[in-house]
Amino acid sequence: MIGKWFGSRSIITMSIYKAHLNKRIIIVGGGVIGLGIGWQLAKAGCIVSIYERNLAGRAASWAAAGMLAPHAEVHFEERALLKLGVQSCRMYPEWVAELETDSQMNVGYRAEGTLIVGVDRDDARELEHLYESQQLLELKVEWLTGIEAREMEPLLSPKITAAIWSKDDHQVDNRAMVGALTHAYRNAGGTLHENITVEKIEIVHGKAKGIWVKDKLEEADTIVLAAGCWSSDIDGLPETVKPPVRPVKGQMLALQMEEGIFLQKVIRAPRAKYPTDVYLVPKADGRLIIGATSEEMGFDTRLTAGGLFELLRGTWEAVPGIYDLPVIETWAGLRPASRDNAPILGETDVENLIMATGHYRNGILLTPVTAREIASLVLTGETSDTIKPFQLSRFV
Ligand code: FAD
Ligand code: GLY
């Protein structure tokens, strides 16, 4: 087990890791982030317990579309986040191979690429700005005419006049990944406590000692806080150590694709004059995931007529053929957003308390890099250059 995880790491690093075997780790939250870290640490020989107040992976990690889109979802001012996203996206093929081997499950990783389309003239102008930013950031993207875009994806509307082709933006089936991570984690010896709420983190003289569950103190050497958009709500954290994360609601729906209306690529359609940009993410089992609104509504997860209307209008204008497809599911999820849209990773002022939260719109994309880097931090005590820019201390 251990040998495989260390892979190409040096003998010296291995011996540092071995010194930390049998370390007791508690992870608060069983989403992709908690499960990913737990899997890596259990494989390295730690005694890991994940506490999840519902079923594992059924919050944001279930609600997501599974896009791995560092290039398409880029904002010019978020360069550090772009770098992290690109790094994690490149880790995906190896991550998936390891996860599928350990879980014996398929996670639906697909590398067909992403088309970002301009539905009307305003949208095409917005696309030009995005393309300019991508050029300045030296991203590998290509400008296409509407005809060229339709050659790649014939179901696109004839109204589409321009598109950006981003071949390095991929996708995974996030729900399948939740299942695989749960299996792989358990196969590696990790313990998953579902339907148990962590009520409090016990901190004594600036040192995290354990967690309170069901009026009992469970002690650990290290506690990893990975509770998504609820990460600041757990008792016991000093004000200065509460991660500034909030929920950002996303409404979604799924259609069942049928013969003749089967998309292959991820399609994104930013809408200049409408409140909601849309994306269409086809899955191998025939589901077409459509998202997403972006709403500051606290912890409200109700679906609204307006939200679903905007999603369907935007989708129909980009791909008119969806009109007759059956709607098979609607849902809303809460993205864990930090103040600067980037995750909060690494050590805190409280000894033995590590954060892995605030992954906002990119938590599925960022799972491999987060899991590997946080596992390495727990094992070695060293903060890598990769996660240094994302520590909680940047907000102080
Ligand atoms: P979660 O999955 O929310 O897990 C946190 C867990 O902590 C929950 O299961 C919760 O029950 C548990 N918890 C909370 N408090 C406690 C407690 N006190 N005790 C015990 N357990 C607790 N990202 C992408 O990369 N690509 C996408 O295409 C994409 N699409 C998205 C679409 C939507 C609509 C949404 C909402 C998100 C999307 N995301 C996407 C973002 C991604 O889903 C999140 O960033 C990621 O899932 C965060 O994972 P997490 O494990 O931190 O949080
Ligand atoms: N990354 C897609 C979303 O958050 O909706």
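Participant: Before we move on, can you summarise the environment of Asp-385 with the specific residues and values?
Facilitator: Mapped onto the secondary structure, Asp-385 falls in the segment after helix 10 (367-380). Taking the relative accessible area as the measure of exposure, Asp-385 reaches 63% and is therefore exposed. Separated by 12 residues in sequence, Asp-385 and Glu-373 have C-alpha atoms that sit 9.8 Å apart.

Participant: Describe the packing of helix 3 (residues 32-43) against helix 8 (residues 174-187), with residues and values.
Facilitator: Their axes nearest at 9 Å, the elements helix 3 and helix 8 cross at an angle of 30°. As far as their axial angle goes, helix 8 and helix 3 are roughly parallel. Of the two possible hands of crossing, helix 3 and helix 8 adopt the one that is left-handed. Every residue of helix 8 that contacts helix 3 at Val-32, Leu-35, Gly-36, Gly-38, Trp-39 and Ala-42 is listed here: Met-177, Val-178, Leu-181, Thr-182, Ala-184 and Tyr-185. Tallied by class, residues from the contact of helix 3 with helix 8 come to 9 nonpolar, 3 polar and no charged.

Participant: Outline the pairing of strand 16 (residues 287-291), listing residues and values.
Facilitator: Across the 5 residues that make up strand 16, a large majority, 5, are buried. A two-sided burial pattern is seen for strand 16, the buried positions comprising Arg-287, Ile-289 and Gly-291 on one face and Leu-288 and Ile-290 on the other. The pairing of strand 13 (residues 245-256) with strand 16 spans 5 bridges and is antiparallel. Opposite Met-252, over in strand 16, you have Gly-291 as the bridge partner. Two elements, strand 15 (residues 278-282) and strand 16, share 4 bridges in a ladder whose sense is antiparallel. Across the sheet, Leu-280 pairs through a bridge with Ile-290, a residue of strand 16. What sits between strand 15 and strand 16 in their antiparallel hairpin is a turn of 4 residues, with Gly-286 showing a positive phi close to 100°.

Participant: Give a detailed account of the sheet that holds strand 6 (residues 162-166), specifying residues and quantitative values.
Facilitator: Taken in spatial order, the 8 strands make up an open sheet running 5-6-4-14-15-16-13-17, and their pairing is mixed. Every interior strand has two partners, whereas the edge strands, strand 5 (142-145) and strand 17 (327-338), have only one. Between one strand and the next, the sheet's axes are offset by a mean angle of 25°, whatever the strand orientation. Where strand 5 meets strand 6, 4 bridges bridge the pair, whose relative direction is antiparallel. Residue pairing in the sheet places Leu-144 in a bridge with Ala-163 of strand 6.

Participant: Report on the packing of helix 5 (residues 79-103) against helix 8, specifying residues and quantitative values.
Facilitator: As a packed pair, helix 5 and helix 8 sit with axes 8 Å apart at the nearest point and diverge in direction by 60°. Taken together, helix 5 and helix 8 sit at an angle that is classed as oblique. The two elements helix 5 and helix 8 meet at a crossing, and its hand is left-handed. Contacts between helix 5 and helix 8 pair Tyr-92, Trp-95, Leu-99, Asp-102 and Ser-103 from the former with Met-177, Ala-180, Leu-181, His-183, Ala-184 and Asn-187 from the latter. Tallied by class, residues from the contact of helix 5 with helix 8 come to 7 nonpolar, 3 polar and 1 charged.

Cut-off values and rules
- Residues numbered from 1 in each chain as written.
- Chains lettered and ligands numbered in written order.
- Predicted model: local features only at pLDDT ≥ 70, side-chain atom pairs only at ≥ 80, totals over all residues.
- Heavy atoms only, no water.
- Helix = DSSP H or I, 4+ residues; strand = E, 2+ residues; numbered from the N terminus.
- Buried < 20%, exposed > 50% of the residue type's maximum accessible area, 1.4 Å probe, protein only.
- Axes fitted to C-alpha atoms, helices over the stretch in contact; angles between N-to-C directions.
- Parallel < 35°, antiparallel > 145°, perpendicular 65-115°, else oblique.
- Left-handed = near helix turned anticlockwise from the far one by under 90°.
- Contact = heavy atoms within 4.5 Å.
- Nonpolar A, V, L, I, M, F, W, Y, C, P; charged D, E, K, R; others polar.
- Pairing = 2+ DSSP bridges.

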